[in-house]
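Residue-level structure breakdown
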There are 2 protein chains.
Amino acid sequence: MPESSQTIAETVSAVADGHLDSRQWVEHCLERVRNNEALGSWSFIDEARALARADQMDRIRKDGSALGSLHGCPIGVKDIIEVKAMPHGCGSPLMGQVSDQNAVLVDALEAAGAIILGKTETTEFAFLNPARTKNPHSQEYSPGGSSAGSAAAVASGDVPVAIGSQTNGSVIRPASYCGVYAMKPSAGIIPRIGVFEQSPTLDQMGLFATSLEDLALVTDALSIHDSRDPHSIAAPRPSCFQGACSEPPMDPNFAILTLPYSKLQSRACTEGFRELADTLEGQVEVLEAPPMFEELIRAQRIIHMTEAHHAFDRLGFVGSSDLSRILAKMLEEGKTFAQNEYEEALEIKASAGSFFQSFFEDFDAILSPSASGEAPLLSEGHTGNPIFCTVWTLAGLPTLNLPIMQGENGLPIGLQMVGRQRDDARLLRTARWFMTTLFDEGEA
Amino acid sequence: MPESSQTIAETVSAVADGHLDSRQWVEHCLERVRNNEALGSWSFIDEARALARADQMDRIRKDGSALGSLHGCPIGVKDIIEVKAMPHGCGSPLMGQVSDQNAVLVDALEAAGAIILGKTETTEFAFLNPARTKNPHSQEYSPGGSSAGSAAAVASGDVPVAIGSQTNGSVIRPASYCGVYAMKPSAGIIPRIGVFEQSPTLDQMGLFATSLEDLALVTDALSIHDSRDPHSIAAPRPSCFQGACSEPPMDPNFAILTLPYSKLQSRACTEGFRELADTLEGQVEVLEAPPMFEELIRAQRIIHMTEAHHAFDRLGFVGSSDLSRILAKMLEEGKTFAQNEYEEALEIKASAGSFFQSFFEDFDAILSPSASGEAPLLSEGHTGNPIFCTVWTLAGLPTLNLPIMQGENGLPIGLQMVGRQRDDARLLRTARWFMTTLFDEGEA
């Protein structure tokens, strides 16, 4: 059985050396999945397929054939990502047909030797209507959304890593609520072919794990170019694992932005940030966010709703009685923006891109809350506010959730660290420095 | 300007260090292409696109962004491989439409930082009707086929590497005639989505370069999984570059098979093999090929012609007056095999797979001629006999051409080295041992 403190790279190396069978690793995870069933993290599990694939990975090892960076590693993927022969649920009764092909990122995982255990629960079409998943830290609370199942599956130790997606705050927020590491790489690093489309301009992939190094290892495996995805970068990709394992040439510089929506922060979150600013004295500047930020929030809304309406219209789902009221209302709203409003929103998005490009000449990373505070109660009927992620996602910046704070109810609160576009390796290096220097997390 | 003795990895490292601009590298290659125009290696060149892309790669470097393993490296791809915004010629007047997407392998090259200069000439649909290309060693001679342009472009120094394909002997044979290194990796390593389909069972990708290390570097960049390609391997890939740079744990064991078609070999080729057997004394066994080999040649023909007929029928090309007579005849032949003959041929292919799997328990590699001897004269009107490649291609084994011999007319003759399926890294390691030990080729 892998030690829970082991990184994926360490466990893969135990598999490579024959100290652990991939089958044992998978069986261990499947047992955890069964024990954690009450959390509702998974929408579909295929035990037989996972075990057969584990045996195949073990045969490959015994055979002396090539091993992958994720050789034998069990993994979960959010149920808006297609996996051949698994139902494509998308958290909606409108879906559920069995996929006849893999998303490109699933092919990449399998080429690295990973083993897909199944699909993790998502909110309805990765929007706001909650999934059935519960927060592993306390089952009365929400795990957040939309990548609820992926966050909960990693937080409860079902799998060492799970894939999610983020159009607004759907990776970083649930990671914050569930107390796990998460990463949303720069837009265009991980191809989206085979993933349910909400908003082609904003949709981005992300992942959950228990260390920075694991996030980096899996991001590298997913970091491939597919020109069918208009955002996919036709250029070399940052080596994230190398970034997560290196020391910065000098101590990094941070910025804390006072955000126009800072008033939404809980007291614990605000205090945590005050302490952080003190601890980092000399290495952090606290700045007022430029007035543009309010405009960016509005531009995001216009792009997101307009493109979502368009996507659902193409599928013939607009007006369906099988949509939740909250989603139906969002799609209605998406119809209301004029073409020139939409185009102007895209221009505002582009200007944010240029703004941040020069901003990161002076700073290694921005520190921001991942969410307003602790997870909301399930009984509140929502998955929390994504606004602390909105601007970074809109600008396509790489972001991390670092699970370092705790709130009034003893639930986790994450710190969000934001880096320069396509400079994901530097962001990971900076985060490693941060965790080892401030929290003595050698393995972080 | 890169030294001609430099490997791609060395030149890429000069680009990374700022000693050479990618633009200079591309300009140097474009000049060679212009100077070598008489060889007819290229069917299409897009200078402006290549230079713009070189500038982009240089900007990425100056910007401190991530560099790729082929950063700034000019490359040619055979004109049966789709490149967005380039005509898809396939060596036939029936084709020539401008592609609206990239083949998967082209995306992979661009993600590694490579720069596609253009498309290299192919025989008609990668069959036997000659391309306009001439042999760079002597222009009265054929460069071989079907990957004629790719072989000639590398042999004449236009580009350090070019991509080809092999359904029978279309990479190893032209490499032998043109005197360059070439590799056809194991079936299933390089995905074929976006490549003109001749025979889904037999089509395989390959490449030409001036050293083993270069072949390995580029193969690794192309070694990705795409489940849309039924042959693509959903498992980790060998690390070829590592293989090409390592020493074998002990001196390798070779087999030379006396082939049922050995009588086709030229005198120089036969003598070369006799010398080789002497030199390798104690490390080589000369064995009679099993009687199955004759059956394998026949099975290959049935599969190849049947599937080609099917592919052309789907395109509506069967019976077209725009097909050469030789291709029209092959397609006719493809109609003549009964379904049970075809199925039996597939079974024979499978049995060859098992035979070789156990064969390579005793041997590191098989040594075979790459072709019967030197290139034929252009005036003979054909591209040479692929039979020395047929069995290895049918079995999906990885093979190399090592340009080490010379024929009666002073033209190159290659040695073919064949390895175990999916054990491409070991084959490269064995070939490196062979070249350094026997030919003192330190950089090979």
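A short tour of the structure in this document, coming up. (Residues numbered from 1 in each chain as written. Chains lettered and ligands numbered in written order. Predicted model: local features only at pLDDT ≥ 70, side-chain atom pairs only at ≥ 80, totals over all residues. Heavy atoms only, no water.)

**What to know about helix H14 (residues 424-439) of chain B**
In an α-helix, one turn spans 3.6 residues; hence positions three or four apart end up facing the same way. For H14 of chain B, which comprises 16 residues, the first-to-last C-alpha distance of 21 Å matches the rise-based estimate of 22 Å (1.5 Å per residue) to within 8%. Residues of H14 of chain B that are buried: Asp-424, Ala-425, Arg-426, Leu-427, Leu-428, Thr-430, Ala-431, Arg-432, Trp-433, Phe-434 and Met-435 of chain B. (Helix = DSSP H or I, 4+ residues; strand = E, 2+ residues; numbered from the N terminus. Expected span 1.5 Å × (residues − 1). Buried < 20%, exposed > 50% of the residue type's maximum accessible area, 1.4 Å probe, protein only.)

**Remarks on the relation of the copies chain A and chain B**
When chain A is fitted to chain B, the best match, at an RMSD of 0.0 Å, comes from turning it 180 degrees and sliding it 0.0 Å along the axis. What the superposition gives is, in effect, a two-fold axis relating one chain to the other. Proximity to the rotation axis, assessed at the C-alpha, singles out Ile-224 of chain A in chain A; its C-alpha lies 4.5 Å from the axis. In this assembly, 100% of the residues forming the interface of chain A have copies in chain B that are likewise at the interface, indicating an isologous arrangement. (Least-squares fit on C-alpha atoms with pLDDT ≥ 70 in both. Contact = heavy atoms within 4.5 Å.)

**Considerations on the interface of chain A and chain B**
Each partner contributes residues to the interface: chain A has 27 residues there, and chain B has 27 residues. Each partner contributes to the roughly 2100 Å² buried at the junction of chain A and chain B, and carbon and sulfur atoms together form 47% of this total. There are two salt bridges connecting chain A and chain B. We note a salt bridge from Arg-420 of chain B to Asp-63 of chain A, for which the minimum N-O separation is 3.8 Å. Where chain A meets chain B, there are six residue pairs in polar contact (both at pLDDT 80 or more). Elements supplying a minimum of two residues to the side of chain A that touches chain B: helix H3 (47-62) and helix H4 (104-111) of chain A. Broken down by element, the side of chain A that touches chain B gets its largest block of residues, four residues, from H3 of chain A. Its residues assigned to classes, the side of chain A that touches chain B comprises 10 nonpolar, nine polar and eight charged. (Buried area = accessible area lost by both parts, 1.4 Å probe. Salt bridge = Lys/Arg side-chain N within 4 Å of Asp/Glu carboxyl O. Polar contact = N/O pair within 3.5 Å; in protein donor to acceptor, adjacent residues only side chain to side chain. Nonpolar A, V, L, I, M, F, W, Y, C, P; charged D, E, K, R; others polar.)

**Comments concerning the sheet that holds strand S9 (residues 365-369) of chain B**
Residues and elements named next belong to chain B. In space, the 11 strands of this open sheet follow the order S1-S3-S2-S4-S6-S5-S10-S11-S9-S7-S8, with mixed pairing throughout. Lying at the two open borders of the sheet, with one neighbouring strand each, are strand S1 (42-45) and strand S8 (284-288). On average, each strand axis in the sheet is inclined to that of its neighbour by 30 degrees, with strand direction left out of account. Here helix H4 (residues 104-111) sits on the sheet in contact with strand S2 (74-78), strand S3 (115-120), strand S4 (161-166) and strand S6 (204-209), set at roughly 150 degrees to S3. Relative to the sheet, H14 contacts strand S5 (181-184), strand S7 (254-258), S9, strand S10 (399-406) and strand S11 (412-418), its axis offset from that of S10 by approximately 15 degrees. (Pairing = 2+ DSSP bridges. Axes fitted to C-alpha atoms, helices over the stretch in contact; angles between N-to-C directions.)

**Observations concerning the pattern of salt bridges**
Residue and element names in this part refer to chain A. Under the counting rule described, the total for this entry stands at 38 salt bridges over all chains. For Asp-364, the salt bridge identified is with Arg-426, shortest N-O distance 2.9 Å. Placement of the pair is Asp-364 in the loop between helix H12 (339-359) and strand S9 (365-369) and Arg-426 in helix H14 (residues 424-439), with a sequence separation of 62 residues. Judged by its relative accessible area of 17%, Arg-426 is buried.

**What about the pairing of strand S11 (residues 412-418) of chain A?**
All names here are of chain A. Among the seven residues in S11, seven count as buried, and that is most of the element. A two-sided burial pattern is seen for S11, the buried positions comprising Pro-412, Gly-414, Gln-416 and Val-418 on one face and Ile-413, Leu-415 and Met-417 on the other. Sheet topology places S9 next to S11; four bridges connect them, and they run antiparallel. Directly across from Pro-369, in S11, lies its bridge partner Leu-415. Inspection of the sheet shows strand S10 (residues 399-406) paired to S11 by six bridges, in the antiparallel sense. Looking at S11, one finds that Asn-401 is bridged to Gln-416.

**Regarding the packing of helix H10 (residues 292-315) of chain B against helix H11 (residues 325-335) of chain B**
Residue and element names in this part refer to chain B. Between H10 and H11, whose axes approach to 7 Å, the crossing angle comes to 105 degrees. Taken together, the axes of H10 and H11 lie roughly perpendicular to each other. Across the interface between the two elements, Arg-301, Met-305, Thr-306, Ala-308, His-309 and Phe-312 from H10 touch Leu-327, Met-330, Leu-331, Glu-333, Gly-334 and Lys-335 from H11. Its residues assigned to classes, the contact of H10 with H11 shows six nonpolar, three polar and three charged. (Parallel < 35°, antiparallel > 145°, perpendicular 65-115°, else oblique.)

**What about the sheet that holds strand S5 (residues 181-184) of chain A?**
Residue and element names in this part refer to chain A. One open sheet holds the 11 strands; their spatial order is S1-S3-S2-S4-S6-S5-S10-S11-S9-S7-S8, and the pairing between them is mixed. The open sheet is flanked by strand S1 (42-45) and strand S8 (284-288), the only strands paired with a single partner. Ignoring which end each strand starts from, the neighbouring axes of this sheet average 30 degrees apart. Looking at chain direction, S5 and strand S6 (residues 204-209) are connected through three bridges and run antiparallel. Paired with Met-183 across the two strands is Leu-207, which belongs to S6. Seen against the sheet, helix H2 (residues 22-35) touches S1, strand S2 (74-78) and strand S3 (115-120) and runs at an angle of roughly 15 degrees to S3. Across the sheet, helix H5 (residues 148-155) lies against S1, S2, S3, strand S4 (161-166) and S6, angled at about 155 degrees from S4, the strand it touches most.

**Comments concerning the environment of Met-95 of chain B**
Residue and element names in this part refer to chain B. Along the chain, Met-95 falls in the loop between S2 and H4. You can call Met-95 buried: its relative accessible area is 16%. Setting aside residues no more than four positions away along its own chain, Met-95 makes contact with His-88, Gly-89, Cys-90, Phe-125, Phe-196 and Phe-317.

**Considerations on a negative patch on the surface**
Residue and element names in this part refer to chain A. A contiguous patch of negative charge, built from Glu-295, Glu-343, Glu-344 and Glu-347, is present on the exposed surface. For the negative patch, the element with the highest residue contribution is H12, accounting for three residues. Locating Glu-343 in the fold gives a position in helix H12. Taking the relative accessible area as the measure of exposure, Glu-343 reaches 38% and is therefore partly exposed. (Patch = residues over 30% accessible without salt bridge, like charges linked within 9 Å, V, L, I, M, F, W, Y side chains within 5 Å. Areas by Shrake-Rupley, 256 points an atom, 1.4 Å probe, with all protein chains shown as cover. Lys, Arg positive; Asp, Glu negative; His and termini not counted. Charge placed at Lys NZ, Arg CZ, Asp CG, Glu CD.)

**Side note on unusual backbone geometry**
What is expected of a backbone is that most residues other than glycine have negative phi and most peptide bonds are trans. The peptide bond linking Gly-145 of chain A to Ser-146 of chain A adopts the cis configuration, its omega dihedral lying at 5 degrees. Look at Arg-422 of chain A: it is not a glycine, yet its phi comes out positive at around 65 degrees. Structurally, Arg-422 of chain A is set in the loop between S11 and H14. Of note in this structure, Ala-85 of chain B is not a glycine but carries a positive phi near 70 degrees. Mapped onto the secondary structure, Ala-85 of chain B falls in the loop between S2 and H4.

**Things to note about the packing of aromatic side chains**
Applying the stated criterion to the full structure yields 38 aromatic pairs over all chains. Measuring from centroid to centroid gives 6.1 Å for Phe-254 of chain A and Trp-433 of chain A, while their planes differ by 35 degrees, and the two rings are tilted. Taken together, the residues span a long stretch of sequence, with Phe-254 of chain A in strand S7 (residues 254-258) and Trp-433 of chain A in helix H14 at a distance of 179 residues. The interplanar angle of 85 degrees and the centroid separation of 4.9 Å between the aromatic rings of Phe-125 of chain B and Phe-312 of chain B together place this pair among those described as edge-to-face. Here Phe-125 of chain B is found in the loop between S3 and helix H5 (148-155), whereas its partner Phe-312 of chain B is found in helix H10, with 187 residues between them in sequence. (Phe/Tyr/Trp six-rings, centres within 6.5 Å; stacked < 30°, edge-to-face > 60°.)

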